[in-house]
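Spelled out, the chains give:
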Amino acid sequence: MSFPYQIRSVDQYKAAYEQSVRDPEGFWSSIASTFQWQKPWEKTLEWDFKKPTIKWFAGGKLNITENCLDRHLDKLGNQPAIIWEPNDPEEHHRVLTYRDLYNKVVQFANVLKNNDVKKGDRVCIYMGMVPELAIAVLASARIGAIHSVVFGGFSAQSIADRLQDAQARFVITCDGAFRGNKEIPLKSVIDDALVQCPFVERVIVLTRTRTPVSMIKGRDTWWEDEIKKVETQGSPDCPAEVMDAEDMLFILYTSGSTGKPKGVVHTCGGYMVYTNYSFVNVFQYQPGDIHFCTADIGWITGHSYIVYGPLSAGVTSVLFEGVPTWPDAGRFWDIVDKYKVTILYTAPTAIRSLMGFGLEPVQRHDLSSLKVLGTVGEPINEEAWHWYDEHIGKRKCPIVDTWWQTETGGILISNLAGVTPAKPSFATLPLPGIQPILVDENGKEVAGNGVSGNLCIKFPWPGMLRTTYGDHERCRQNYFATYDNLYFTGDGCLRDEEGNYRITGRVDDVLNVSGHRIGTAEVENAINMHTGVVESAVVGYPHDIKGQGIYAFVIFQGNMQDEKLVRLDIASTVSRIIGPIAKPDKIQFVSGLPKTRSGKIMRRILRKIAEGETDKLGDTTTLLDPGVVEEIKNGKL
Ligand code: 7RM
């Protein structure tokens, strides 16, 4: 496919940017008109950030799967859509052409219909990285069901919370998942979650690890058996459901500064246009490209840049089941070599961890197919940037540092590979259509260059979130109430003399651990569930590989005979409640926490202590008991 809106020079970038600000509706409608619509839209944009109301392409009818599958069949039917690389390199890989993927999606869409899944129903998908995960996602979209993918590392409790919030009556899972030398018992985790979710009517279970699972009559059914049923029914077809541009496409839960994760809602039309537009421009996609995004489909990066963006562009997308360091630290490079990957998109945390294994695992492989490298999820430090540039890209591949969020649907700030200049540790410039603004604490614009402030966006773009599921007020509070008439990202940001943006990290109580978003309040709630814990406070601290580590200060009143064991108990409590990704790296037992007279924990002080900057604690005179600070400083881990 070719894309008339692909920007190929700095001048084109400038012109497109200028047009997108002067005439946003004209800009986006000319892009959107290149997609396959069942009925054209009536109004390009309707918006009011105060409520918020955001509607793109209202009245337009479409199905995103027709744009990802049907429209490619004529020309790209025999081209691989998905190349699946299993966890174990000894196991055979799988290739699904666009034709194969189309067939499997309509087939599974019919399975969903057979199981009484209807348009608007929420379907929870909890699977490992197998092609059937992408198939389940697309099949849901095909019939207008709203998918809610939950990352395979989350606990039963986290799944139950999400099922309840979304009132999902359907679950799709696997018996288990292979990840490195581990086997994760997905179905068994689902069984634990469902104890709290009697409203779930049907669980469809794909065979992957063939680990023994309990199958409950009337509720649980095998994927393979369901496929056999539709095969005997005859019609291999499944017409795409007619969706309004503003109908919900999916919910994806993400952590915020308060207790429970919120369900970010994306809609069909705008998300389709934005993921495709950003994919084609940032990575400078060319026909024949092999795109390898190493994220899990359980995160937004996988939704947008393994499934919807690449497939709507007709690219070949590599889907990898395993982990970067198993069987050895050459696994990514092995895959690049094997499939002649041209675009590699990964996270700084992965780069930093692989750097630690030296160059031998890299040098064993031919990486000459690579054309473009990308990073996402967290700020990239210069050392990692240069290693990536030198040893992976051999100094001939542009690196795109892509800044975006679950809420933004797609990349908002990034250089365009080989078109606009890169600058190490800077995401650089906004994509045309994106209008960033920096503000101070009072919401006053910080104008000009060489400044820093809180990053906001002042004009809507098609890929932005529309609401948080079941609680619109929470969406308003979280993103649109901090500053009048602005979308607030929660990130701090610096703008250099040339106008390049560098995102410095969260300014709220959200941690970024190995590119995973975790709320401090969420971790505290989990720690506090341990019987011996009275109170806790969690902050982040700089971590060489993870970017941020989790540091927990805990007041403990239980049996403390074996401190090491208590730490393990607390960690395993967190693992149970949230998942292993939220386990604290350090747990320091304290007798009190630094609090203001009104009882608020002063995290600023704890953060400084955790960062090792104990001489820069600032003003502690407003504390209820300044004495606890000394004790905490002395006990620092
Ligand atoms: C895509 C994704 C979002 C948060 C965001 C930032 C941080 C993401 C970059 C980055 C610096 C980047 N979605 N972040 N990309 N920080 N440079 N290129 O990660 O919802 O899970 O996280 O991640 O703090 O607000 S997310």
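Figured I'd write up the structure that's included with this text. Bear in mind the structure is a predicted one, so any value in this text is a computation, not a measurement.

**Describing the overall build of the protein chain**
- From N to C terminus, the protein chain includes 20 helices and 30 strands.
- The C-alpha radius of gyration computed for the protein chain amounts to 24 Å, which stays within 12% of the reference 26 Å derived for 637 residues, consistent with globular compactness.
- Each principal axis of the C-alpha atoms in the protein chain carries an extent, and together these give about 75 × 60 × 55 Å.
- Considering the protein chain as a whole, with its 637 residues, one finds that 62% of them fall into the buried category.
- Partitioning the contacts of the protein chain with sequence separation of at least 6, the portion at a separation of at least 24 is 71%.
- Entry remark: accessible area of the protein chain is about 23,900 Å², with carbon and sulfur atoms responsible for 50%.
- The averaged location of the 77 negative side-chain charges in the protein chain is 2 Å from the averaged location of its 68 positive side-chain charges.

**Some points on the layout of surface pockets**
- Approximately 270 Å³ is the volume found for the second largest pocket.
- As for the second largest pocket, its lining consists of 19 residues, and the residues nearest its centre are Ser 257, Asn 478, Thr 482, Phe 488 and Asp 508.
- Within the residue set of the lining of the second largest pocket, elements represented by two or more residues are α16 (472-480) and β24 (487-495).
- Of the residues contributing to the lining of the second largest pocket, the split by class is five nonpolar, nine polar and five charged.

**Section: the state of the cysteines**
- This structure, assessed with the given rule, holds zero disulfides.
- With no disulfide of its own, Cys 174 lies closest to Cys 124 among cysteine sulfurs, the gap being 12 Å.
- Here Cys 174 falls in the buried class, since its relative accessible area comes to 1%.
- In this structure Cys 456 is not part of a disulfide, and its nearest cysteine sulfur, from Cys 493, lies 10 Å away.
- The exposure class assigned to Cys 456 is buried, which follows from its relative accessible area of 0%.

**Re the site of the ligand**
- Taken together, 17 residues lie near the ligand, and Asp 401, Thr 402, Thr 406, Asp 491 and Arg 517 sit nearest.
- Contact distances for the ligand include 3.4 Å between a nitrogen atom and a backbone N or O atom of Glu 378.
- Asn 512 is positioned such that a nitrogen or oxygen atom in its side chain is 3.4 Å from an oxygen atom of the ligand.
- For the shell around the ligand, the secondary structure elements donating two or more residues are α11 (300-313), β20 (399-402) and β25 (501-506).
- Broken down by class, the residue content of the shell around the ligand amounts to six nonpolar, six polar and five charged.

**Some thoughts on the pattern of salt bridges**
- Per the stated rule, a full pass over the model turns up 43 salt bridges.
- The closest approach of N and O atoms between Arg 607 and Asp 509, which form a salt bridge, is 3.6 Å. Remark: Asp 509 occurs in the loop between β25 and β26 (510-513) and Arg 607 occurs in helix α19 (residues 603-610); sequence separation between them is 98 residues.
- Taking relative accessible area as the criterion, Asp 509 reaches 25% and is therefore assigned partly exposed.

Criteria and thresholds
Residues numbered from 1 in each chain as written. Predicted model: local features only at pLDDT ≥ 70, side-chain atom pairs only at ≥ 80, totals over all residues. Heavy atoms only, no water. Helix = DSSP H or I, 4+ residues; strand = E, 2+ residues; numbered from the N terminus. Rg over C-alpha atoms; globule rule 2.2 N^0.38 Å. Buried < 20%, exposed > 50% of the residue type's maximum accessible area, 1.4 Å probe, protein only. Contact = heavy atoms within 4.5 Å. Areas by Shrake-Rupley, 256 points an atom, 1.4 Å probe, with all protein chains shown as cover. Lys, Arg positive; Asp, Glu negative; His and termini not counted. Charge placed at Lys NZ, Arg CZ, Asp CG, Glu CD. 1 Å grid on protein atoms, 1.4 Å probe; cavity = no way out; pocket = protein on both sides within 12 Å on 5 of 7 lines; lining within 4 Å. Points joined across faces, edges and corners; volume = space filled by probe spheres on them. Nonpolar A, V, L, I, M, F, W, Y, C, P; charged D, E, K, R; others polar. Disulfide = S-S within 2.5 Å. Near = heavy atom within 4 Å. Polar contact = N/O pair within 3.5 Å; in protein donor to acceptor, adjacent residues only side chain to side chain. Salt bridge = Lys/Arg side-chain N within 4 Å of Asp/Glu carboxyl O.

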